[in-house]
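# Working through the structure, step by step
One letter stands for each residue in the lines below.
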Amino acid sequence: MAEAGGDAPYWSQDQTVLAASLGSGPGGLTSSRAASRLDLVGPNSVEDAGHLSSLRLLLRQFESPLVLILAFAAVISLVLQQWVDAGIILAIVLGSSLLSFFQEYRASTAVEELKKRLALTCRVIRDGVEQEKPVSTIVPGDPILLSAGNLIPADGIVMEAADFLVSEASMTGESFPVEKRPGIVRSDAPITERTNSVFLGSSVRSGTAKVLAVETGRRTEFGEIAARLQARQPETDFARGVRQFGYLLIRVMIVIVLFVLTVNLLLDRPVIESLLFAVALAVGLSPELLPAIISVTLSAGARAMSKRGVIVRRLDAIENLGSMTVLCTDKTGTLTEGTIVLSEVLDPASLPSEEVRRFAFLNAAFETGIENPLDAAIIAAGESAGLTTGGLTKIDEIPYDFMRRRLTIVVAEGATPDRHLIVTKGAFSNVLDICTSFDRDGVEVPLDAEARAGLEAVFEAKGAEGFRVLALATRRVAIRADYDRQDEREMTFRGFIVFLDPPKPEAKSTIQNLARLGIAIKVISGDNRFVTAHMAQAVGLDATSMLTGKEIAALRDEALWNLAPQTDLFVEIDPQQKERIVRALQRTGHSVGYLGDGINDAPALHAADVGISVEEAVDVARESADIILLSRDLDVLRLGVEDGRRTFTNTLKYISITTSANFGNMISMALATPLLPFLPLAAKQILLNNFLSDLPSLAIASDNVDAHRVAQPQRWSVREIQKFMIVFGLISSAFDLLTFGMLLLVFRANEATFQTSWFMISLLTELAVVLVLRTPKPIFRSKPSHLLMWSTIAVAIATFAIPFLGGLTSMFGFVPLSAPHLAAIVAILVGYIIATEVAKAWYFRRENST
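Residues numbered from 1 in each chain as written. Predicted model: local features only at pLDDT ≥ 70, side-chain atom pairs only at ≥ 80, totals over all residues. Heavy atoms only, no water.

## Focus: the pairing of strand E12 (residues 406-413)
- Most of E12 is tucked away, with eight of its eight residues classed as buried.
- By the alternation rule, side chains of E12 split into Arg-406, Thr-408, Val-410 and Ala-412 and Leu-407, Ile-409, Val-411 and Glu-413, which are all buried.
- Looking at chain direction, E12 and strand E13 (residues 419-427) are connected through seven bridges and run antiparallel. Across the sheet, Leu-407 pairs through a bridge with Lys-425, a residue of E13. (Buried < 20%, exposed > 50% of the residue type's maximum accessible area, 1.4 Å probe, protein only. Helix = DSSP H or I, 4+ residues; strand = E, 2+ residues; numbered from the N terminus. Pairing = 2+ DSSP bridges.)

## Section: the environment of Leu-764
- Structurally, the position occupied by Leu-764 is in helix H27 (residues 751-773).
- A relative accessible area of 4% means that Leu-764 is categorised as buried.
- On a C-alpha basis, the gap between Leu-764 and Thr-792 in space is 9.3 Å, while along the polypeptide they are 28 residues apart.

## Some remarks on the packing of helix H16 (residues 507-516) against helix H23 (residues 634-675)
- Between H16 and H23, whose axes approach to 9 Å, the crossing angle comes to 20°. The angle between the axes of H16 and H23 places the two elements in the roughly parallel class. For H16 against H23, the interelement crossing comes out left-handed. Residues Thr-510, Asn-513 and Leu-514 of H16 lie in contact with H23, whose contacting residues are Leu-634, Asp-635 and Arg-638.
- Among the residues making up the contact of H16 with H23, the classes are represented as two nonpolar, two polar and two charged. (Axes fitted to C-alpha atoms, helices over the stretch in contact; angles between N-to-C directions. Parallel < 35°, antiparallel > 145°, perpendicular 65-115°, else oblique. Left-handed = near helix turned anticlockwise from the far one by under 90°. Contact = heavy atoms within 4.5 Å. Nonpolar A, V, L, I, M, F, W, Y, C, P; charged D, E, K, R; others polar.)

## Quick look at the pattern of salt bridges
- Under the definition given, this model contains 37 salt bridges.
- Close ionic contact of Arg-126 with Asp-142 constitutes a salt bridge, the shortest N to O distance being 2.7 Å. Residue Arg-126 is located in strand E1 (residues 121-126), and its partner Asp-142 is located in the loop between strand E2 (129-134) and strand E3 (143-147); the two are separated by 16 residues in the primary sequence.
- Overall, the relative accessible area of 7% leaves Arg-126 in the buried class.
- For Asp-142, a relative accessible area of 0% puts it in the buried group. (Salt bridge = Lys/Arg side-chain N within 4 Å of Asp/Glu carboxyl O.)

## A short note on the nonpolar core
- Judged by nonpolar contacts, the single largest core of 83 residues is most densely connected at Leu-321, Leu-327, Leu-541, Ile-612, Ile-627 and Leu-629.
- The leading source of residues in this core is H23, at seven residues.
- Excluding residues within four positions of it along the chain, Leu-541 makes contact with Leu-335, Ile-511, Ile-521, Val-523, Ala-536, Asp-568 and Leu-569.
- Counting residues in hydrophobic clusters, the runner-up holds 59 residues, among them Leu-743, Ala-824, Ala-839 and Tyr-843. (Core = buried A, V, L, I, M, F, W, Y, C linked by side-chain atoms within 4.5 Å.)

## What about a nonpolar patch on the surface?
- A contiguous nonpolar surface patch, about 360 Å² in accessible area, is contributed by Tyr-247, Ile-250, Ile-254 and Leu-258.
- Counting through the fold element by element, Tyr-247 comes out in helix H8 (residues 237-266). (Patch = residues over 30% accessible without salt bridge, like charges linked within 9 Å, V, L, I, M, F, W, Y side chains within 5 Å. Areas by Shrake-Rupley, 256 points an atom, 1.4 Å probe, with all protein chains shown as cover.)

## Here we look at the side chain of Glu-367
- Within the element layout of this structure, Glu-367 appears in the loop between helix H12 (354-366) and helix H13 (373-384).
- Notably, Glu-367 is buried but unbridged: the nearest opposite-charge side chain belongs to Lys-425, and the N-O separation is 6.0 Å.
- Sequence-distant contacts of Glu-367, that is, excluding residues within four places in its chain, are made with Asn-372, Asp-375, Glu-397, Leu-407 and Ile-409. (Lys, Arg positive; Asp, Glu negative; His and termini not counted.)

## Observations concerning helix H17 (residues 529-539)
- Every buried residue of H17 is accounted for by Val-531, Thr-532, Ala-533, Met-535, Ala-536 and Val-539.
- Against the buried residues of H17 lie helix H15 (449-464), strand E16 (467-478), H16, strand E18 (520-524), strand E19 (546-548) and strand E20 (569-571).
- Residue Asn-528 occupies the N-cap position of H17, its side-chain oxygen lying 2.9 Å from the main-chain nitrogen of Phe-530.
- In the segment just after H17, Gly-540 is the residue with positive phi, at about 95°. (Polar contact = N/O pair within 3.5 Å; in protein donor to acceptor, adjacent residues only side chain to side chain.)

## A look at the confidence of the model for the protein
- Residues at a pLDDT of 70 or more form 88% of the protein, whose mean pLDDT is 85.
- Confidence drops under a pLDDT of 50 for residues 228-232, and excluding neighbours within four residues, the segment shows one contact in the predicted structure. (pLDDT = per-residue confidence, 0-100.)

## Details of the environment of Ile-138
- By the secondary structure assignment, Ile-138 is in the loop between E2 and E3.
- Exposure remark for Ile-138: the relative accessible area of 0% places this residue in the buried category.
- Note: C-alpha distance between Ile-138 and Pro-153 (15 residues apart in sequence) is 7.7 Å.

## Brief notes about the packing of aromatic side chains
- The final tally for this structure, using the stated rule, is 15 aromatic pairs.
- On the numbers, 5.6 Å between centres and 65° between planes, the contact of Phe-728 with Tyr-843 is edge-to-face. Linking Phe-728 in helix H26 (residues 718-746) with Tyr-843 in helix H30 (residues 819-849), this pair joins segments that are 115 residues apart in sequence.
- Overall, Phe-728 belongs to the buried group, its relative accessible area being 3%.
- Look at Tyr-843 and you get buried, because its relative accessible area is 5%.
- Members of the aromatic cluster, each reached through a chain of ring pairs, are Phe-428, Phe-459, Phe-493 and Phe-496.
- When the ring centre of Trp-11 is taken as origin, the NZ or CZ atom of Arg-194, which lies over that ring, is 3.6 Å away.
- Its guanidinium or amino end placed over the ring of Phe-467, Lys-462 lies 5.6 Å from that ring's centre, counting from NZ or CZ. (Phe/Tyr/Trp six-rings, centres within 6.5 Å; stacked < 30°, edge-to-face > 60°. Lys NZ or Arg CZ within 6 Å of the ring centre and 35° of its normal.)

The following block contains the structure:
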C-alpha cells in the first residue's frame, strides 16, 4: 500500500518524483489515464461496491435460523417421501423469503437513490484544468484542491499549503487539529508523525492546500481499518429495542415449542408429524417478517419525506426524528432569511466610511478559504460601488479559524512598494483584542480604555437593533516572505462592517407549530448576545433566557444539566461547547436534534440523537448528519417530524399487534396440545395461516395515523409493548379456548373439522385485530388506509373460500364446513371484536390516566 513510487513509502519521497511515478504532474492526469486507472483500482470507496447486489440480498433472506429449521424440516419430509408436505413448506418459505427480499431490496435501493443526490464532490486538476469531480472517481495521481470544511477524499501528500490545519480524530484520536505542510518524512514515521500526509476520512479545519492523491478506497489507512473492523453505524435505541424484544419472543417461543414437542411425544403421537408441527409452530409464532415490515414502513416514510424535501441518510433516524423533544439550531438561514445584505460600513466614530468599505472589499475578494455569505455580501456591495482589486497583489492569507474568529489578507500596494498592507476582519471582540490604536480622521490614535468603551457601545447599539457586526483593522509592515498568526498584533482599528439578516416572516408561526408538536427550540450561536436577543424577541423566543459561552465555561456539568433545558439562547458559543450543550440536554432525558452546516458542527451532529444538516452544508457536516434538508426551512423540518412520527407509529402498530397475537397463540398451543387427542393444526396449516396473516400486515406502512399520535414525541418502550402483548394476547387465548370448547362439546368435531374451524377462526381474528388495535379510538372513528382495508377484506374472503376449494382442501387437509359451523365462527369473531374493543377502551383510558 505504501510504496507508490518505489520501495520507499510515499511520505518519504520527493513530491515531484512521486507525481512522476503516478503519471502526474503540474497539470494532473489526463482524462483518459484517469479513466483507465479507475478501471484498474476501482471506485474510491471503502464500502463494498456490490453491497446492494440482488443475489447477496436474496441469499441473506435464508440466513435466518428459522428458515434453516424449515429447510431441515422439508428435507426430513423429502427423505420420508412426504412430497406434499415438503412442497408446501418449501413453497411457503420461498414465498415469504421472496416477499421479504423484494421489500428490503426496494427499501435499500430507495435510500441509495436518495444518497446519490448527496454524493460528495471535490476539486481536482485534470488535463491542466481545475474540475469538480465525484469523490468516487478520484484515483492515485490526482492533484486535489482542499479548503476549510472539505472532507479529505484520499490518502496523499501535501504539495502546497497555507495555514492548513486538519482534524484527524477519526484516525489518530487526537482531538486538536494538526498542521500539515509539504516536506519529506522518515520512512518509519508512525501515522501521527506524518506531517506531510493527509488521510481519507479526515477533514480540513482551516487553510488551503493542494494534495497529491496516492492511495484510494480500501487501500487507504481508513479503508484498511474499516476492512479489519467491519465497522457499522452505532445501533439506535429503536433498533436495539426491536432486537431485544425479538430475543425475548424467541426465548419464550423456544420454551413453548419444546413443551409442545415433549407433550406430543409423551402422548405417543407420530414423531415426524410432531416434529413438523413443532417446527411450523416455531415459524408461525415468530415475527419473521418483522425486519422486512420495518424496512417497508421506514422506506415508505423515507420516500414520503423526500417528496417534502427531507432526505434520510439512515432509515433508523426516522424514529429518532419523530421522538425529538429539543431542536438545537443556529439562527442564520433557519430563523432568519439567510440572505445577508451589507447594510453600512462605519468608521470608529460610527460615520459612513468608503475607506473601510475598500479594506473590507480587499479582504473578502482575496479570501480563498471558507465560502460564506458575509464575504459574498461585501463583494456584491463593493462591485456595485465600482471597487476592484486592480493594482494590488495578494501576498499571503492567514485563514479564518474558530479559535481566532478572524481572517487576515496581506497585499502589496503599488503606492508603497516597500511595505505590505495587513487587513484583518472578524468578530468584534477578537479584532479589538489585537488593536493598540484606532483611526480618528486619518490619524492613528492610541486605543485607551475610554476609546475601547466607545467602540463597544457602538457595537452593542447596532447588535440591539438586530444588525450583525464585524470589525476591521489594518497594519502596514516591512516586506517579508511569509506571514502567520503572530503578525496579527499592534493593529489599528478601522471600523465596523454592518450586515442585516432579518428574521423570516414565518419563523414565529413555525416555532409555535413545533411547540405544539412538543419540540422546544434552542438557538446555539457564535453571534453576540445583543443581535441574538433581538432576533429571539422577533420570533417569539425568550430573549432573557440566555447563557453565554463564557458563563458555560465556568459551569460544572451538573449545573449545566440543570440550566440547559431552561435556556432558549446560547450565545457567543465556542465550537467545542456545542457538543457539551447537546449532551447536557440528553442527560436530562431529552431526545435532541441538532441542525448544523459548518465545520465546527460535526461533533455536535454526531452527539445528537438525530443530526440534521442542509444540502449546501460543508462536506464534514453533511456526512455527519442523519437527515438532510433540501431547503433550510424549519417548516420543512416540521413536516419531516410529522412524517417521522407517522412512520414510527405504523412500525409500532405492527410490532404491538403481531407480538400480542403471537403471545396469545403460544398460550393457546401450550394449553391445547395436552388436552386434545390430535394436533390442533397440521404443520402445513400453521404455515399457510402465518403466510396469509402477514400479507395485510405489509400494508400497515401505508396506514392512516390518528392526529393525536403525531402531536407528541414518541419513544420506544419495551415495557409498554410487553403490557400490550399480555393484555391482548390473553384475550386472544380466552377466545381460542372458547373455540376449542365449542368445537369439542357442541359440534363434536373430528380432527379435520376441528383443524379447519380453528384455522379459519385463528386467521380471521388475526385479521380483525389489526383493524381494531391499529388505533386507540373506537374502530368506526378511525379510518384505515384503503390498501390495509382491502387487503384485509381480500384475505378474509379467501379464508372463507379455502375449505370449499377442492384442490386446496385435499392438499391442506381441510373439509367443507356446514352453515351452523360458519355461523358459529362468525359469532365468535364478532364476540372477539367486541371484547377487544372494550378491553382497548379500558387499556388506553388507564394508560392516559397514568
